[in-house]
Amino acid sequence: MNMQQKFYWLFGGIGALLAIASIVGWLLQRRAPDSATIANLTARVRAWWVMVAVLAVCFLLGRSATIVLFAIASLFALREFVTLTPTRPGDHLPLVVCFYILLPVQYLLIFDDWYNLFAIFLPVYGFLLLPVLTASGGDTEQFLERVTKLQWGLMITVYCVSYVPALLLLQIPHYSDNLLLVIYLLLVVQISDVLQYVFGKLFGKHKIAPHVSPSKTVEGFVVGGASATAVGAALWWITPFTPLQAAGLAAVIVLAGFLGGLALSAVKRSLGAKDWGSMIEGHGGMLDRLDSVSFAAPVFFHLTRYFFEP
Amino acid sequence: MRDTHPRDRRAIARPGLTVLSYLFAVLVRVLVGARPQWIGCKPAPSLRIYYANHTSHLDTLALWCALPPSLRAITRPVAASDYWNRGGIRAYIATHGFNALFIERDKDKREGDPLEPLLQALASGQSLIIFPEGTRRAQALPSPFKSGIFHLATKFPDAELIPVYLDNLYRSMPKGTFLPVPLTCSVRFGAPLARIADETKELFLERARQAVVDLA
């Protein structure tokens with residue numbers, strides 16, 4: 001099978017899954033028309049159709065469209081983060097620089113195949129530049145807090161998320177379908193989220209972190225995570241990995257994604273919000289969908305780079 | 001005379017919506033969200049005066065873009081002549097982009113009643129967007145209102161006065177800055193201000209302001 005055929009098989013499969021989810025949602029809604037949980041479930045499925053369609057179109061358009069797509073996703077995620085973070089008028093310049101210079105440059109470095117600068121641009125030079133710009137505003141009130149929050153938001157929403165399209169930079173011997181690697185990562189992370197949510201709703205009894213993320217349960221995590229790992233292993237044919245390696249990497253993705261969801265949920269709550277935004281119906285904001293991705297992407301990238309690039 | 005062709009009638013119903021104004025709506029949505037929240041009323045084509053707190057140059061555009069296109073076509077933002085009507089790109093945007101109605105703030109340049117163009121627009125059935133503070137303030141809550149809104153309200157007792165609170169825009173583009181920071185801003189529409197007969201100007205202005213504060 002060439003890449004094109006694998007792509008159609010994958011998206012055909014995802015379409016079939018979503019069709020089943022839509023039908024189940026429709027049946028459930030007929031049985032319990034007033035249930036808020038089921039209304040949310042059908043809204044989520046509808047939003048999934050849209051997200052999968054957008055991703056499919058971008059992947060078909062190729063490498064550039066995929067990089068641009070994640071740059072836009074970063075923009076929306078950073079927008080949500082900054083909206084919830086208190087800023088002062090003196091933060092205007094660093095904010096403008098984050099949105100209009102640092103974010104585009106980070107993604108341009110992927111276009112440019114410049115991995116060495118990509119990896120240090122925000123953690124080193126962004127880190128050094130932002131406090132300078134903030135200081136130039138002349139406002140020292142809560143200076144360290146303000147700089148820290150902005151840097152933190154930039155690292156999660158831009159740096160970590162940009163590791164998804166950075167998978168296109170990897171040069172793995174006998175493997176050139178890097179777009180499939182992007183799909184693999186997204187699929188395992190999102191299926192893990194969905195299955196943990198579903199199994200948590202069905203059998204969840206023991207909450208893992210009731211104060212941080214009340215919807216995460218031990219049952220949901222174990223059963224959902226194991227199923228997602230199995231799905232990841234079963235998808236070995238779109239990756240350069242053997243089935244066993246695929247299972248191992250999927251398990252790492254699941255774990256990193258879970259921890260990312262947990263950490264970002266804590267951040268969200270400390271900012272006094274339940275959802276990051278409202279742009280994706282039923283899911284909340286862009287960052288509610290990208291929280292696990294932002295943690296899983298760098299880990300998956302570096303493991304693959306370390307073990308599979310010569 | 002020929003009967004009005006259906007397409008012409010539609011053109012009359014939407015005099016202000018150019019391609020530029022649709023482009024603006026998209027740009028404003030991406031940059032600052034401008035998500036409408038209809039808390040106290042529903043979007044309706046009745047004669048309305050939307051009045052809001054004023055913290056940023058983006059306010060006018062954000063409020064206007066939060067309206068559905070059909071209402072955008074019959075609603076005219078009132079813009080300060082000394083800022084928006086200074087010729088060049090700005091005046092072009094104001095006239096062709098969001099169909100602005102200019103008001104003269106400078107007392108020396110005024111000829112006759114500065115509210116006259118607003119009254120004419122209302123009389124011809126167009127709704128208005130006004131910022132009764134008169135100028136931008138760098139704060140979350142509005143300052144005391146100027147009396148213009150009182151005169152408009154007295155002359156048009158049937159117009160609905162809709163309080164609007166613009167959230168976050170003062171963070172996106174504070175006074176003295178030129179590039180907006182993308183933030184999710186919401187535009188909250190409250191219930192029409194009740195009309196009380198024989199109310200004094202001071203009481204009315206404070207009550208109108210309080211209606212905006214209540215949405216904050």
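Note: the structure precedes this text.
A brief report on the enclosed structure follows.

The next subject is the overall build of chain B. Looking only at helices and strands, chain B features 10 helices and seven strands. For 216 residues, the compact-globule estimate of 2.2 N^0.38 gives 17 Å, and the C-alpha radius of gyration of chain B, at 17 Å, lies within 12% of that figure. Projected onto the principal axes, the alpha-carbon positions of chain B cover approximately 50 × 40 × 40 Å. Put simply, chain B has 216 residues, and 50% of those count as buried. A separation threshold of at least 6 residues defines the contact pool for chain B, and within that pool the share at least 24 residues apart is 74%. Summed over its atoms, the accessible surface of chain B is roughly 10,600 Å², and 58% of this surface lies on carbon and sulfur atoms. Taking the 28 positively charged and 19 negatively charged side chains of chain B as two groups, their mean positions are separated by 8 Å.

This part is about the overall build of chain A. A count of helices and strands for chain A gives 11 helices and zero strands. Helices and strands appear in chain A in the N-to-C order α-α-α-α-α-α-α-α-α-α-α. Its C-alpha atoms give chain A a radius of gyration of 20 Å, within 12% of the compact-globule value 19 Å for 310 residues. Taken along the three principal axes of its C-alpha coordinates, chain A extends 60 × 50 × 30 Å.

A separate point is the interface of chain A and chain B. Taken together, the contacts link 16 residues of chain A with 18 residues of chain B. Where chain A meets chain B, there are zero salt bridges. Our enumeration of links across chain A and chain B arrives at 10 residue pairs in polar contact (both at pLDDT 80 or more). Secondary structure elements with two or more residues in the side of chain A that touches chain B: α3 (63-84) and α4 (92-111) of chain A. It is α3 of chain A that provides the largest number of residues to the side of chain A that touches chain B, a total of six residues.

Residues and elements named next belong to chain A. What the rule picks out here adds up to one cavity of 30 Å³ or more. Reported here for the largest cavity is a volume of approximately 100 Å³. Surrounding the largest cavity, Phe-81, Val-82, Thr-85, Pro-86, Thr-87, Asp-91, Leu-95, Thr-134, Arg-146, Val-147, Lys-149 and Leu-150 form its lining. At the level of secondary structure, the elements contributing two or more residues to the lining of the largest cavity comprise α3 and α6 (143-160). Residue contributions to the lining of the largest cavity peak at four residues, all from α6. Residues that form the lining of the largest cavity fall into these classes: six nonpolar, three polar and three charged.

Moving on to the packing of helix α5 (residues 115-136) of chain A against α6 of chain A. Residues and elements named next belong to chain A. Taken N-terminus to C-terminus, the directions of α5 and α6 make an angle of 150°; their axes are 10 Å apart at the nearest point. By the angle between their axes, α5 is roughly antiparallel relative to α6. In this structure, α5 meets α6 at a crossing whose hand is right-handed. Each of Phe-118, Ala-119, Leu-122, Pro-123, Gly-126, Phe-127, Leu-130, Pro-131, Thr-134 and Ala-135 in α5 lies in contact with α6, whose residues at this interface are Phe-143, Arg-146, Val-147, Leu-150, Gln-151, Leu-154, Met-155, Val-158 and Tyr-159.

Quick look at the pairing of strand β5 (residues 127-130) of chain B now. Looking along a regular strand, one sees the side chains alternate between the two faces of the sheet. Residue and element names in this part refer to chain B. Side-chain alternation along β5 places Ser-127 and Ile-129 on one buried face and Leu-128 and Ile-130 on a second face that is also buried. Here strand β2 (residues 48-52) runs beside β5; their pairing, made up of three bridges, is parallel. Along β5, the bridge assignment pairs Ile-49 with Leu-128. Direction of pairing for strand β3 (residues 75-80) relative to β5: parallel, over a ladder of three bridges. Looking across to β5, one finds that Thr-75 is bridged to Ser-127.

The subject of this paragraph is the packing of helix α8 (residues 178-203) of chain A against helix α10 (residues 243-270) of chain A. Residues and elements named next belong to chain A. Taken N-terminus to C-terminus, the directions of α8 and α10 make an angle of 60°; their axes are 9 Å apart at the nearest point. If you check the angle between α8 and α10, you find them oblique. Of the two possible hands of crossing, α8 and α10 adopt the one that is right-handed. Judged by residue contacts, Tyr-184, Leu-185, Val-188, Val-189, Ser-192 and Gln-196 of α8 engage Ala-246, Ala-250, Ile-253, Val-254 and Phe-258 from α10. Each residue belonging to the contact of α8 with α10 can be placed in one class, and the counts come to nine nonpolar, two polar and no charged.

What follows deals with α5 of chain A. Residues and elements named next belong to chain A. Here α5 contains 22 residues, and its C-alpha end-to-end distance of 31 Å stays within 8% of the 32 Å for a straight helix at 1.5 Å per residue. Along its length, α5 reaches its greatest deviation from straightness, about 60°, at Phe-121, and the proline Pro-123 lies no more than four positions downstream. Buried within α5 are the following residues: Tyr-115, Phe-118, Ala-119, Phe-121, Leu-122, Gly-126, Leu-130, Leu-133 and Thr-134. Structurally, α5 contributes buried residues whose contacts are with α4, α6, α7 (163-166) and α11 (286-308). Directly beyond the C-terminal end of α5, a positive phi value near 80° is found at Gly-138.

Moving on: the sheet that holds β5 of chain B. Residues and elements named next belong to chain B. Taking strand neighbours across the sheet as the criterion, the seven strands line up as β1-β7-β6-β2-β5-β3-β4 in an open arrangement whose pairing is mixed. If you trace the sheet from one side to the other, it starts and ends with β1 (35-38) and β4 (101-103), each paired once. Adjacent strand axes in the sheet meet at a mean angle of 25° when their direction is disregarded. As judged from the three bridges shared by strand β6 (residues 160-166) and strand β7 (residues 186-189), these two strands associate in the antiparallel manner. Bridge pairing in β7 places Val-164 opposite Phe-189. Against the sheet, helix α3 (residues 58-66) engages β1, β2, β3, β5, β6 and β7, with an angle of about 65° to β7.

Residues that lie three or four places apart on an α-helix share one face, since the helix turns once every 3.6 residues. Those residues of helix α8 (residues 148-155) of chain B that sit buried are Ile-149, Phe-150, Leu-152 and Ala-153 of chain B. For α8 of chain B, the buried positions fall inside an angular range of 165° around the axis, keeping them on one side.

Criteria and thresholds
Residues numbered from 1 in each chain as written. Chains lettered and ligands numbered in written order. Predicted model: local features only at pLDDT ≥ 70, side-chain atom pairs only at ≥ 80, totals over all residues. Heavy atoms only, no water. Helix = DSSP H or I, 4+ residues; strand = E, 2+ residues; numbered from the N terminus. Rg over C-alpha atoms; globule rule 2.2 N^0.38 Å. Buried < 20%, exposed > 50% of the residue type's maximum accessible area, 1.4 Å probe, protein only. Contact = heavy atoms within 4.5 Å. Areas by Shrake-Rupley, 256 points an atom, 1.4 Å probe, with all protein chains shown as cover. Lys, Arg positive; Asp, Glu negative; His and termini not counted. Charge placed at Lys NZ, Arg CZ, Asp CG, Glu CD. Salt bridge = Lys/Arg side-chain N within 4 Å of Asp/Glu carboxyl O. Polar contact = N/O pair within 3.5 Å; in protein donor to acceptor, adjacent residues only side chain to side chain. 1 Å grid on protein atoms, 1.4 Å probe; cavity = no way out; pocket = protein on both sides within 12 Å on 5 of 7 lines; lining within 4 Å. Points joined across faces, edges and corners; volume = space filled by probe spheres on them. Nonpolar A, V, L, I, M, F, W, Y, C, P; charged D, E, K, R; others polar. Axes fitted to C-alpha atoms, helices over the stretch in contact; angles between N-to-C directions. Parallel < 35°, antiparallel > 145°, perpendicular 65-115°, else oblique. Left-handed = near helix turned anticlockwise from the far one by under 90°. Pairing = 2+ DSSP bridges. Expected span 1.5 Å × (residues − 1). Bend = angle between axes of the 7 residues up to and from the residue. Arc of directions from axis to C-beta.

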